[in-house]
Amino acid sequence: YSGRFGTSLAAAHLAGAAFMLDEMLVENGVMPATGRTGVRARQAVLKLTAAHVPLAETATGDGTFNLPAYSGHDPVRGFGHLRLDAAVHAMSDPLYSGLDQSDTLSSDWQKPVVTRRLKVSPGVRYLVEAVPSGSLDISLELVQVHGAAGGGQEQVIRMDLNGVGVSEFTYFRPEPESWSFLAVKRLSGAGAVVLRLVEAESFVEQGGG
């Protein structure tokens, strides 16, 4: 085995990952969406749960060099390293409002990304936050994938305003017929991270959600 770069190699891995993602959904009693909406939803999950790419291969292929700090996908790094494990968690592992969850991010290949599906009600304003340990610097990405009416389009809020050991957070209001997930990605360091989802304001009518 050897590690290589290139779209011809990546395409086969991506096709296999899409199949395995569908297989996981079917095994858990969820039928994958069909048509354009289903394709866009799969694209959103696989590309937005990818890990940051810190290195690129030299033109001769005999070495690597450091890329600038991550600021979004570009022609060199693409959307990142495919992380099927993170895509599965984004579809299956729920984060409930008012119940914090802890996870860890590692400095090696084992866990550079943690993801959760957000259990939310349309029209309610939420705060979503990731609180890292003292040696960890993170980015937070909140992704909302719209349903058939929205053509499976994704809306992304990316937060990377603070440094090591400082939380990243944002507010959002889920749209009807959409689903949302959280992706927290390691920028530097390693350690624990607390994932938090809370209602930012009370219901207009108690129990209306």
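Overview of the structure.

Here is what the cut-offs are and how they apply
- The numbering scheme is per chain: residues are counted from 1 as the chain's sequence reads.
- Only residues with pLDDT of at least 70 are given local features in this predicted model, and only at 80 or more are side-chain atom pairs given and counted; all residues enter the totals for whole chains, interfaces and linings.
- The side-chain figures draw on all heavy atoms in the structure; neither hydrogens nor water molecules are used.
- Type-normalised accessible area, obtained with a 1.4 Å probe on protein chains alone, sets the label of each residue: buried when under 20%, exposed when over 50%, and partly exposed for intermediate values.
- Going along the chain from the N terminus, every DSSP run of H or I of four or more residues is numbered as a helix, and every run of E of two or more is numbered as a strand.
- Pairing between strands is defined by DSSP: at least two bridges between the two strands are required.
- Lines fitted to C-alpha atoms define the axes here, with helix axes fitted over just the stretch in contact, and angles between the N-to-C directions of these axes take values from 0 to 180 degrees.
- Should any heavy atoms of two residues lie within 4.5 Å, those residues are considered in contact.

1. What to know about the pairing of strand 6 (residues 126-132)
Burial analysis of strand 6 places 6 of its 7 residues in the buried class, the great majority of the element. By the bridge criterion, 5 bridges tie strand 6 to strand 9 (residues 168-172) in an arrangement that is antiparallel. Among the inter-strand pairings, Tyr 126 is bridged to a residue of strand 9, identified as Phe 172. Two strands pair when backbone bridges link them, and strand 6 and strand 11 (residues 191-199) are joined in this way by 7 bridges, in the antiparallel orientation. Bridged to Val 128 within strand 11 is Leu 197.

2. Quick word on unusual backbone geometry
Unusually for a residue other than glycine, Glu 177 sits at a positive phi of about 55 degrees. Here Glu 177 shows up in the loop between strand 9 and strand 10 (178-188). For Glu 177, a relative accessible area of 61% corresponds to the exposed category.

3. Side note on the sheet that holds strand 4 (residues 101-105)
Hydrogen bonds along the backbone pair up the strands of a sheet, which may run parallel or antiparallel. Read across the open sheet, the 4 strands follow the order 4-11-6-9; overall the sheet is antiparallel. Single-partner strands in this sheet number two, and they are strand 4 and strand 9. Between one strand axis and the next, the sheet turns by 20 degrees as a mean value, whatever way the strands run.

4. Focus on the sheet that holds strand 7 (residues 137-146)
The 5 strands lie next to each other as 3-5-10-7-8, forming an open sheet whose pairing is mixed. Of all the strands in the sheet, just strand 3 (94-96) and strand 8 (154-159) have a single pairing partner and so form its edges. Put simply, the sheet's adjacent strands are angled 30 degrees from each other on average, direction ignored. Its contacts with the sheet put helix 2 (residues 35-48) on strand 7, strand 8 and strand 10, and the angle it makes with strand 10 is roughly 20 degrees. Across the sheet, helix 3 (residues 84-92) touches strand 3, strand 5 (113-119) and strand 10, and the angle it forms with strand 5 is around 15 degrees.

5. Side note on the environment of Met 24
Among the structural elements, Met 24 can be located in helix 1 (residues 7-27). Note on Met 24: relative accessible area 12%, which makes it buried. Measuring from C-alpha to C-alpha, the distance between Met 24 and Ser 92 comes to 8.9 Å, with 68 residues separating the pair along the chain. Apart from the residues within four sequence positions on either side, Met 24 is in contact with Val 88, Met 91 and Ser 92.

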